[in-house]
Structure formats: C-alpha cells, structure tokens
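Here are the chains, one letter per residue:
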Amino acid sequence: MPTEILMPALSPTMEEGTLSKWLVKEGDTVASGDILAEIETDKATMEFEAVDEGVVGKILIEAGTEGVKVNTPIAVMLEEGESADDIGKTSEAPAAKDEAPKAEAEKAPAKAAAPVEVKSKASPDWPEGTEMKSQTVREALRDAMSEEMRKDENVYLMGEEVAEYQGAYKVSQGMLDEFGPKRVVDTPITEHGFTGIAVGAAFGGLKPIVEFMTFNFAMQAIDQIINSAAKTLYMSGGQMGAPMVFRGPNGAAARVGAQHSQDYAAWYAQIPGLKVVMPYSAADYKGLMKTAINDPNPVIFLENEILYGRSFDVPVIDDFMIPFGKARIWKEGKDVTIVSFGIGMQYALEAAEKLAEEGIDAEVIDLRTIRPLDYDTVLASVMKTNRCVTVEEGFPVGSIGNHLSAVIMERAFDYLDAPVINCTGKDVPMPYAANLEKLALVTTEEVIAAVKKVTYR
Amino acid sequence: MATRKAPATPNISADELKTYYHDMLLIRRFEEKAGQLYGMGLIGGFCHLYIGQEAVVVGLEAAAEEGDKRVTSYRDHGHMLACGMNPDGVMAELTGREGGYSKGKGGSMHMFSKEKNFYGGHGIVGAQVPIGAGLAFADKYLGNDRVTFTYFGDGAANQGQVYESFNMAALWKLPVIFVIENNQYAMGTSQKRSTSSPEIFKRGEPYGIPGEMVDGMDVLAVKAAGEKAIAHCRAGDGPYILEVKTYRYRGHSMSDPAKYRTREEVQKMRTEKDPIDHVRDLLVSGGHATEDDLKEIDKSIKSIVNQSAEFAKESPEPGVDELWTDIYADVAPQDEDA
C-alpha cells in the first residue's frame, strides 16, 4: 500500500517549516537512510532521511514551499510492484525516523495555538501612521543587537554557539559575518566562567551581551550575575558597575522536561541592582533590547523559545526604543484587570477574547519589564475595574503575581471587590509527558475561571 | 620553601630597597592597626589581615606599570595599599564611614578604586578569577597592552571557575597573570588536606599556560617573577601563572583562633622567613641604610597609619540617603514605596 511521508517535527517547538529542497524525484528508488529532502526549521536547515526502502511515487509539496505544517503529507512512497495509480489508497504507516515527535506534535499543548490578534487601544510606543512591518521575535532581537553593535564598537555578543553555528536558536544569524569573531564570540560550554569574564569585561569598559543558550544554564553562573554584576555598583560606592545584558530563552519550551523548563522572572526580579525584562511582542523585544544594551546597569532579558518564531508588527523607526518600567495596555476593559508578561500574555489575550464573547470586558496589561515595574498602570487599572487576575508560567510560591497582589492590597485595598487571583504554573517540576506538561503550565481556561471567580460570574 | 639564599642584589638600588621596606611595613602596621580597631569594635564583620604576605603584592606592584589592573579576594587591604590607594580611605571603609572608598557601603571585603585600577575586593572565593580574565579580555579587545593581576589563594585554586578561566584565557590569549597566593591554609584546611597535587602552578600546563613557583617571602624574587610574567603577557603570549608561596601569620579572619596549626610553626616562619626582616637585613648588611634611617621610615609609617585610624574614627557614618544610592547607575531604585 502506498505510504504517505509527513512533514516531520524537527525541534521541540517546531510547528511548521520550509521544504527547501527535494534531493529525490518521482520515480527514484530510495533505501533506508537516503536523504529525501532538506527542511528548514525556525532553527536550522535539517536533512530528512527515508526510513524504509521504496520508490518515490509522488511529491506532494514542491521544493521552496514555506509554512508547511508538521504532519502535512509531503510525498507518497510506493512499495515494490505498486504504481502511482495506487495512490489514494495510502496507509498511515510510519514514514520517517521523526515519527515519534510528529505524533506528539499532534497533541501539542494549547500554548502552541496561534496567537490572538488583539490590538492595543492604549497609547502605543510609536506615533499613529508609522510604517509597520511584520517580523518574528527572533529577527527583532537580531536587528536590535546588530543596530546597537553598529553604533557602539564596545558592544559585543558572547555565548555558546552564537557565532559559527549562527545561534542555537538562530537569534544571532548572520552576525558573525557582519561583525567578525572579535565581536561575536563563541565560548566553550562554561557558563560560570564566561559569565565572570563578561562581568570583568564590563568592569573594564566593554558592553557585553551574554547569551545563555537557555536561562536554565545561567544557574551555573548565577553567583557572577548577582554577586558580581548586580552588587558591585553599590559595593563600590558608585565607582564601577557592570553595564551588560544577560539574555536567552527562559521558561518552558515544549517537552524538554524539568531541567530545561523554568521561568526565572521572579528569581531575578528580587535582586536590587538588576533590571529585568520579559517581553511578549516582537516590537517590544526590539525596543526593549535596544534600551537594555544602552542601559548602564546589568539587565536580565528573558526571552521565550516558543515566541521566537512568532510574527508581530514592528514599527519601522530609526532607533526604536521602549523605555523600561512602562507597561503596555493591550486591551482596555472595565470589568477586570488581567496582568501578565512574556508568554503569559498569550493566555491573557486568549482569555480576554473568550471572555468578551461572554460579555466580560477585561483590561489586559503587559508588564514588559518586571524591574522596574510599572505599578502605576496596574494600580490605576485595578482602581477602575476593582478586580485583578495575574498570569505567569512560573512557579506559584514567591511569584510576580504574589508580589503584585501584595502591592495592590497595600495601595488599592479599598478598591478591590474580590481577592486578587494569581494564575501560575503548578508547584511541580515540569513533567515530560505531553498531557502532564499541559497540566503543569498555566492555561487559558484557568485564567477564564479566575476571571469568572473575581467577577462573581 | 627553600632556605633563603644569601643576598645577591647587585642591581637593586638602595632607594628601591627602601621603597619595598616602606611599602611592606606600611601594610603590616596598617593591618596591625586594623586588628586593634577590630578589637575595639570599630571594625565589624569579617576582617582578613594580610600580615606575613606583604612581599607578594609589593613585589608585583614593583613590576607593574601605569594602567595595569588588579583584582583580588577579600584579603585585600595589602593590595590596595600596594597599588597606591589612600590608607585613610581604606581604613575608613573598614570602619564603615563616609570617607571610605565605597562610602562605607562595601566594607573590608568589597573595596574598589577606578582611579588605581583596583577592581575589588571580592567576597566569594574564586569569583574574582574569571573577572580578572574578563578585565584582560577588555584590554585585548580595546587593543592596549595592559595586563591584569588576578590574585587568589590556594583555597580558591580548587574552585571550578578557576579552570574555566584558565581554559578561556589560554584559548583567547588573554593578558592575565594568575597569582596564586599560597599561604598554605584555606581558612582552617591545610593544603595537604585539601589539594591532591601540591604544585598548583602546574595546573595551567594542560591548558598550555606556563607557571612557576616563587618564594613569596622574598620581595625581590617576586618582583623578578612578576617581570617575567608581565613580559610574557605584554608580548601577546597569553596568560601566566605565578604560585607565590607565602604565609599568613594571623588567623583566616579576626574570629579565627587558628587551632589548625601550631604556635611553633607560625613562630618559625616569623623568625626565619619574615619578608620585612629580609629587606631590612639587605638594607643594613649592604650598607644601604643605617638603623637610624630605618627608624625614620618606621616613624613616618606610624604617622601615616595613626592618621588613617584617626580619619577612620572621625569620618562620619554615611548619610541615611546613601542606603538608596548607587543601586542603579541611572535611576532611583525600584519604587520603594510599593
């Protein structure tokens, strides 16, 4: 029976890819292990091998096709004795080595769903009528870093795989070519050491951007981040500090288990001397990264692997910067305030959209920077709506939501018509199993339920 | 440590010897005074004295040039005095006063001087090592020929980040001199009990970093080794390791009773190896100075140290507003009324 070959999932977060090139043509006989095609994911171009022998009966997706969803049939293989006429009687037999991840991708957690289009009604960070272009978060980050590196010779990027590999998540793609190995520095796998070296380089007059392949690995280096980078300005009576950026993906990706899935927003937010940024949209990634590089303090810039490939409108403005400490109101509303940041915004916006259908008008605030935090915007909103739900993927104990609840209680107690509810990740290490992972993360349904609770609906 | 060789110092001028004598004695008297002030409750917290190790920093500073950098651990008073920082400012930092180098906010272990290229004063054992390599990274990046002295002890030499730094310093040929001040005790643990291979200077070998052992009780030997290491770094040949064998006479910190070694051991070092006595002998036996000359130096140092103690007592405590300054280089701290 003819067998369909499906578009494989070649990375934990891949949802679609570009079928860049076929290395076989219809009628070719292939053996197990032969390379069938090249597929470009959001991270890299990968070769895709045949699992079984057979004849390429029909190519369904042409080379050069972009946005091919995982699990889309891309070709049909025939067994001996079959002809192209048999196509149509295909089986769902495993066709590729990547069959397993593919099956999981079908049951991907809700967070892999497309983002909701909600236009900000609050004053945006650019004038009305500004030309916009669609960019992924990944591209926005690269542009921000490259623009600042063009302006200031002393800004450099260092980290694992940032140069020759073009970035483990392709964020620094092309930067080695433009800036050379002096300014785009591949490090050994030695987070504690290279973070300390970067702190020393900052003391010595440079402006390092340190990429952690993920913030999980920054735990190896957290002493240098906190004790050396964050505290030195104070300990030196203002004589010297560490103007630098620590950046990389933070929080859960998809199916990578407990040691690779943790949100550090609350950890770093606790430290005086650090600034902490955790954007959601590509425009914010760009504008805030440029601000981070120009900031004279150590900045923790928490990115998200799942968001890297998401596209958003980014204003076409020279030197587009967004100041720290300014929240963005994505949607105005009168019934409840939903406060979130980073990928949490996805649940907040989805929930707001669904709630609107039920007649609940939520105001959605994206904090964007966690430290300094825009208390005023949050408090003004809560004073208007009298109810608040916070949303984040991090652990519940000592969360950003906990902190906001305390601040709201202290400063807007009399305005509250219901207790503030914190929607967070669950108080468990991240499980691997797809169903459990989904349960461990915060969900849109939980946000909706919390809103209904505080609005007594 | 080898028995000291007979003085062979044809190239050392009397002035040079007198300078070393002066600088080492200044550190010793300063530290003795700090010990007194600690006993009087004027200095709080941890206070790690450098007494016995003076030849290490004085010898290396004698080899250094303007613009070279230094970074060390929490046993840092000697380094600061040796690189020319003002004793008043150092002592006032020890007492936590406004006139201290960090306005009283750093204390004994956390002091800095941008002016003198002194980058701390770090309280976490070993953390200064990659920072030193990073200072050298910056110098190489900026294209100057400065070197960075990165001091750490035999205790810190067992921290993983030291070897991460060795690897990258060698890989990138960073102009950094790793100075291992081996005073033979990591707090209360002797090197024998903590270190599988006693020759720490050889630990750079797998990375291709040359290293040598130096008699740290002999300021001239330290200076000579420093010059060699500096030449290596300035030539662009990458890092260099100096394991300087030294000895601290006092406990690890003021609160350490030092029960882990005998009185006799300490006494033997003091009488046979003292770095200051050594230079004193060279000065007198070489006819470079009379006892009266040396008394003059002693007197002037006493006056400097007493002055620093007076300043450190008189200087006011930092204003309460200082609690909230220097947290960020640009803005007021996190909305503190939140």
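Because the structure is a prediction, the values reported are computed rather than measured.

Rules and cut-offs
- Residues numbered from 1 in each chain as written.
- Chains lettered and ligands numbered in written order.
- Predicted model: local features only at pLDDT ≥ 70, side-chain atom pairs only at ≥ 80, totals over all residues.
- Heavy atoms only, no water.
- pLDDT = per-residue confidence, 0-100.
- Contact = heavy atoms within 4.5 Å.
- Buried < 20%, exposed > 50% of the residue type's maximum accessible area, 1.4 Å probe, protein only.
- Helix = DSSP H or I, 4+ residues; strand = E, 2+ residues; numbered from the N terminus.
- Arc of directions from axis to C-beta.
- Axes fitted to C-alpha atoms, helices over the stretch in contact; angles between N-to-C directions.
- Parallel < 35°, antiparallel > 145°, perpendicular 65-115°, else oblique.
- Left-handed = near helix turned anticlockwise from the far one by under 90°.
- Nonpolar A, V, L, I, M, F, W, Y, C, P; charged D, E, K, R; others polar.
- Pairing = 2+ DSSP bridges.
- UniProt positions renumbered as here; feature names shortened; annotations may be inferred.
- Buried area = accessible area lost by both parts, 1.4 Å probe.
- Salt bridge = Lys/Arg side-chain N within 4 Å of Asp/Glu carboxyl O.
- Patch = residues over 30% accessible without salt bridge, like charges linked within 9 Å, V, L, I, M, F, W, Y side chains within 5 Å.
- Areas by Shrake-Rupley, 256 points an atom, 1.4 Å probe, with all protein chains shown as cover.
- Lys, Arg positive; Asp, Glu negative; His and termini not counted.
- Charge placed at Lys NZ, Arg CZ, Asp CG, Glu CD.
- Core = buried A, V, L, I, M, F, W, Y, C linked by side-chain atoms within 4.5 Å.
- Domains from an automatic or database assignment.
- Polar contact = N/O pair within 3.5 Å; in protein donor to acceptor, adjacent residues only side chain to side chain.

Novice: Would you take a moment to explain the confidence of the model for chain B for this structure?
Specialist: Detailed reading of predicted coordinates is not advised where the pLDDT is low. All names here are of chain B. Looking at chain B as a whole, its pLDDT mean stands at 93, while 95% of the residues score no less than 70. Contacts from residues 333-338, a stretch scored under 50 in pLDDT, to residues over four places away or in other chains number 17 contacts. If you check the scores for this complex, the pTM reads 0.89 and the ipTM reads 0.93.

Novice: Which parts of the structure should I look at to understand helix H9 (residues 263-273) of chain B?
Specialist: For an α-helix, 3.6 residues make a turn, and residues three or four places apart therefore share a direction. Residues and elements named next belong to chain B. Inspection of H9 places Val266, Met269 and Lys273 among the buried residues, and these make up the whole buried set. Within H9, the buried residues cover an arc of 85 degrees as seen down the axis, which keeps them to one side. Of the exposed residues in H9, the ones pointing more than 90 degrees away from its buried face are Arg263, Glu264 and Thr271. Summarising the contacts, the buried residues of H9 are in contact with helix H10 (275-285).

Novice: Hey, could you run me through the packing of helix H4 (residues 87-94) of chain B against helix H11 (residues 291-314) of chain B in this one?
Specialist: Each packed pair of helices is defined by two parameters, the angle between the axes and the distance between the axes. Residues and elements named next belong to chain B. Closest axis-to-axis distance for the H4/H11 pair is 8 Å, and the angle between their directions is 45 degrees. Considered as vectors, H4 and H11 are oriented oblique to each other. Read as a crossing pair, H4 and H11 show a hand that is right-handed. On the side of H4, the interface is formed by Pro87, Asp88, Gly89, Met91 and Ala92, while H11 contributes Ile304, Gln307, Ser308, Ala309, Phe311 and Ala312. Considered class by class, the residues forming the contact of H4 with H11 number seven nonpolar, three polar and one charged.

Novice: Can you help me understand the sheet that holds strand S18 (residues 336-340) of chain A in this one?
Specialist: Strand pairs in the sheet, formed through backbone hydrogen bonds, run parallel or antiparallel to each other. All names here are of chain A. Spatial strand order, S17-S19-S18-S21-S22: five strands in an open sheet with mixed pairing. With partners counted over all chains shown, the strands left at the sheet margins are strand S17 (328-331) and strand S22 (421-423), one partner each. Here the average twist between neighbouring strands, direction ignored, is 25 degrees. Taken together, the four bridges between S18 and strand S21 (residues 388-391) define a ladder with parallel strand orientation. When the sheet's bridge partners are listed, Val339 is paired in S21 with Thr390. Here helix H10 (residues 344-357) sits on the sheet in contact with S17, S18, strand S19 (362-366) and S21, set at roughly 165 degrees to S19.

Novice: I keep staring at the UniProt feature "domain: Dehydrogenase E1 component" (unreviewed entry) in chain B and nothing clicks. Help me out?
Specialist: If you check UniProt for "domain: Dehydrogenase E1 component" (unreviewed entry), the listed places come out as residues 23-319 of chain B in our numbering. A helix fraction of 45% and a strand fraction of 12% characterise residues 23-319 of chain B, whose end C-alpha atoms lie 33 Å from each other.

Novice: Mind showing me how you'd approach the UniProt feature "domain: Lipoyl-binding" (unreviewed entry) in chain A here?
Specialist: In the numbering adopted here, UniProt assigns the feature "domain: Lipoyl-binding" (unreviewed entry) to residues 2-78 of chain A. Overall, residues 2-78 of chain A shows 0% helix and 53% strand. The separation of its end C-alpha atoms is 5 Å.

Novice: Is there a simple way to think about the interface of chain A and chain B in this case?
Specialist: Where interface size is given, it is often the accessible area lost as the parts come together that is meant. Each partner contributes to the interface: chain A provides 53 residues, whereas chain B provides 42 residues. Looking at the side of chain A facing chain B, the largest losses of area belong to A:Ile197, A:Tyr234 and A:Met235, adding up to 19% of the total buried there. Linking chain A to chain B there are one salt bridge. Here B:Asp330 makes a salt bridge to A:Lys275, at a shortest N to O gap of 2.8 Å. Mapped onto the side of chain A that touches chain B, the elements with two or more residues apiece are strand S10 (155-159), strand S11 (184-186), helix H4 (191-203), helix H5 (222-230), helix H6 (232-235), strand S20 (369-371) and helix H12 (400-412) of chain A. Per-element tally for the side of chain A that touches chain B: the top contributor is H4(A), with ten residues. A class-by-class count of the residues in the side of chain A that touches chain B yields 24 nonpolar, 18 polar and eleven charged.

Novice: Explanation requested: a negative patch on the surface in the structure shown.
Specialist: A contiguous patch of negative charge on the surface is contributed by A:Asp52, A:Glu53, A:Glu79 and A:Glu80. Of note, A:Glu79 is situated in the loop between strand S8 (73-78) and helix H1 (99-106).

Novice: How should the sheet that holds S8(A) be read in this particular structure?
Specialist: Residues and elements named next belong to chain A. With respect to topology, four strands assemble into an open sheet ordered S1-S8-S6-S3, the strand pairing being antiparallel. Each edge of the open sheet is held by one strand with a lone partner, namely strand S1 (3-6) and strand S3 (29-30). Pairing between S1 and S8: four bridges, direction antiparallel. Looking across to S8, one finds that Glu4 is bridged to Val76.

Novice: What is the right way to read the nonpolar core from this model?
Specialist: Ranked by internal contacts, the top residues of the largest apolar core, which has 80 residues, are A:Met158, A:Phe246 and B:Phe137. The two domains that each donate at least three residues to this core are domain 2 (111-117 + 326-454) and domain 3 (132-315) of chain A. When sequence neighbours within four positions are dropped, the list of residues in contact with A:Met158 reads A:Val185, A:Thr187, A:Phe194, A:Ile197, A:Ala198, A:Ile209, A:Val210, A:Glu211, B:Phe137 and B:Trp172. Within the second largest apolar cluster, 63 residues are counted, among which are A:Phe301, A:Ile306, A:Val314 and A:Val451.

Novice: Would you mind showing me how to read the pattern of salt bridges here?
Specialist: Pairing between side chains of opposite charge can happen when the charged atoms of each approach one another. Counted according to the given criterion, the structure contains 47 salt bridges over all chains. Here A:Lys69 ties to A:Glu16 by a salt bridge, and the two come within 2.6 Å at their closest N and O atoms. Taken as a pair, A:Lys69 in strand S7 (residues 65-69) and A:Glu16 in strand S2 (residues 16-22) lie far apart in primary sequence, 53 residues in all. Residue classification places A:Glu16 among the partly exposed positions, given a relative accessible area of 35%. Its salt-bridge partner being B:Arg234, residue B:Glu65 comes within 3.7 Å of it at the nearest N-O pair.

Novice: Which parts of the structure should I look at to understand the side chain of A:Glu211?
Specialist: Residue and element names in this part refer to chain A. Residue placement: Glu211 occurs in strand S12 (residues 207-211). In this structure the side chain of Glu211 is engaged in a polar contact, spanning 2.8 Å, whose partner is the side chain of Arg247. Ignoring sequence-local partners within four residues, the contact set of Glu211 consists of Leu157, Met158, Gly159, Glu160, Val162, Ala168, Phe194 and Arg247.

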